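Each chain, written out:
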Amino acid sequence: MNDLARTSDAALPARSDLPHAAPGPQAWIVLAMLWFVYVLNFLDRQLMSILAKPIQDTLHITDGQLGLIGGLYFAMFYCFIAIPVGWLADRTNRVAVLSIACGIWSAATVACGLSRTYGEFAFARMTVGFGEAGGVPPSYAIITDYFPPGRRGTALGIYNLGPPVGAALGIAFGGAIAAAFNWRYAFIVLGVVGVVAAAVLPLIVKEPPRGGLDGAGTKPEKAAFWPTLRMFFSRPTLMLAALGSGATQFVTYGLGNFTTLFLMREKGMSLREVAVWYALVVGVGMSAGIYASGRVIDHFTRKSKVVYAMAPVISLTLAIPFYIGFVWAPSWPLALTFLIGPTFLNYFYLSSAVALVQEEVRPEQRVMSGALLLLVMNFIGLGLGPTYVGAASDFFRASHPHNSLQMALFTLVPFYVLAIGLFLWLARIFRRAEAG
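Rules used in this analysis
Residues numbered from 1 in each chain as written. Predicted model: local features only at pLDDT ≥ 70, side-chain atom pairs only at ≥ 80, totals over all residues. Heavy atoms only, no water. UniProt positions renumbered as here; feature names shortened; annotations may be inferred. 1 Å grid on protein atoms, 1.4 Å probe; cavity = no way out; pocket = protein on both sides within 12 Å on 5 of 7 lines; lining within 4 Å. Points joined across faces, edges and corners; volume = space filled by probe spheres on them. Helix = DSSP H or I, 4+ residues; strand = E, 2+ residues; numbered from the N terminus. Nonpolar A, V, L, I, M, F, W, Y, C, P; charged D, E, K, R; others polar. Domains from an automatic or database assignment. Salt bridge = Lys/Arg side-chain N within 4 Å of Asp/Glu carboxyl O. Buried < 20%, exposed > 50% of the residue type's maximum accessible area, 1.4 Å probe, protein only. pLDDT = per-residue confidence, 0-100. Contact = heavy atoms within 4.5 Å. Buried area = accessible area lost by both parts, 1.4 Å probe. Polar contact = N/O pair within 3.5 Å; in protein donor to acceptor, adjacent residues only side chain to side chain.

If you check an unreviewed UniProt entry, the protein chain appears there as Major facilitator superfamily MFS_1 from Caulobacter segnis. Reading the Subcellular location (unreviewed entry) entry of the UniProt record for the protein chain gives the comment "Membrane".

Here it is as structure tokens:
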């Protein structure tokens, strides 16, 4: 028997035995609060890329240094701390872990605004990464225990609207605050909002029973660290989903951390124009793509798990020509028109990968498995993507002094192709399992 049939049958009860009742009002209230915290999570994470030019002007840092702060330095804490935090959350109160994490990353965001040197700013950003490591994995598991199978793709799709909304609000409000006052005020104001949210969270979200919606045969247990680690990295389906997502994020984070700087420095946009037009493109395009992907996953995976792989394959294939058009466009209005395509199509992988991992592992392994998924895809994408683009831009500066970022962004196209290949490999495994 192949890997998929062997492991997925052992992980959960048969899907026909699982409850499909509609979630109650409390589940939606919990989802709304977790979503708001995720908005703050991503908003704080993206502020640096949104305000890259004024930060560069103040702290006198290069594209390569900017890429390291937003990429490798941040990811070293964000990705690897997530594993022990995920293990702890699987064994303790997940809501408490999330609340403490939100307080840490929000206080560190305030510290970013108070930083006076490159070293101080880099240390504050690493602390933001440390706090944000405890944000998403507990939320995935809490949502999975509030929403039954058949509803989780939509719920996780709505939750994953946090990044586009956070990015759009960050562009709009962060850009507006920085244009009217100073980039430091944007960090301080948004950090204070996060500290308040951390205090309110436990009053609204209560810890749900682990595996309570996964059928009568599921017994909540405390997850063992090493067996969970071995399980995740030994299963081709989980690893291919993580690696395919990582290759996709190499593009999305590599692009996202430098888009504002690219539009301002090489396309001629002002910070006020970015705060309006780029915010609209990100808010509408990315939100629509993530929500649509969640609905697609819920609808089509009832018949075949192949959709977990083919949804990203199709969307990423369609995104490539729009991405090339965005990087090539001679003016910012045309560039933003092309950018609508990638912002809608680039994120179908996210709901797919998250829902697949949460469905394929046991309830007591969900937080740590979510953390392992984030470790793989974020270390590749968040850690290496911006670092690579910043270094490539510095490399091209000598030969292309006026469009070094454009040249660097063109070199991301092969990573689209790599991601498509990995998801096609995953689709092949699912097809073999269903045929057998």
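With that settled, the discussion passes to empty space enclosed by the protein. Scanning the model with the defined rule gives three cavities of 30 Å³ or more in all. The volume enclosed by the largest cavity comes to roughly 430 Å³. Along its surface, the largest cavity is lined by 33 residues, and Phe42, Gln46, Thr252, Met286 and Tyr347 are the ones closest to its centre. Looking at the lining of the largest cavity, the element that brings in the most residues is helix H2 (residues 25–50), giving six residues. By residue class, the composition of the lining of the largest cavity is 22 nonpolar, 10 polar and one charged. A domain split of the lining of the largest cavity shows at least three residues from each of domain 1 (23–212) and domain 2 (223–435).

A word on the pattern of salt bridges. Considering all chains together, one arrives at seven salt bridges under this definition. Taking the shortest distance from any N to any O, the salt bridge between Arg265 and Asp63 comes out at 2.7 Å. Taken together, the positions of Arg265 in helix H13 (residues 259–265) and Asp63 in helix H4 (residues 63–91) put the pair 202 residues apart, joining distant regions of the chain. When its relative accessible area of 31% is taken as the criterion, Arg265 is described as partly exposed.

This next bit is on the confidence of the model for the protein chain. Put simply, the protein chain has an average pLDDT of 85, and 92% of its residues get 70 or more. The low-confidence segment residues 1–19, where pLDDT is below 50, has 42 contacts with residues more than four positions distant or belonging to other chains.

Attention now goes to the domain arrangement of the protein chain. Entries for the protein chain in the domain assignment read domain 1 (23–212) and domain 2 (223–435). Counting residues at the interface gives 63 residues for domain 1 and 57 residues for domain 2. Across the interface of domain 1 and domain 2, roughly 4700 Å² is buried in total on both sides, 69% from carbon and sulfur atoms. Across the domain 1-domain 2 interface, the total number found is two salt bridges. Summed over the shared surface of domain 1 and domain 2, the number is seven residue pairs in polar contact (both at pLDDT 80 or more). Those elements that provide at least two residues to the side of domain 1 that touches domain 2 are H2, helix H3 (52–59), H4, helix H7 (136–146), helix H8 (152–159) and helix H9 (162–180).

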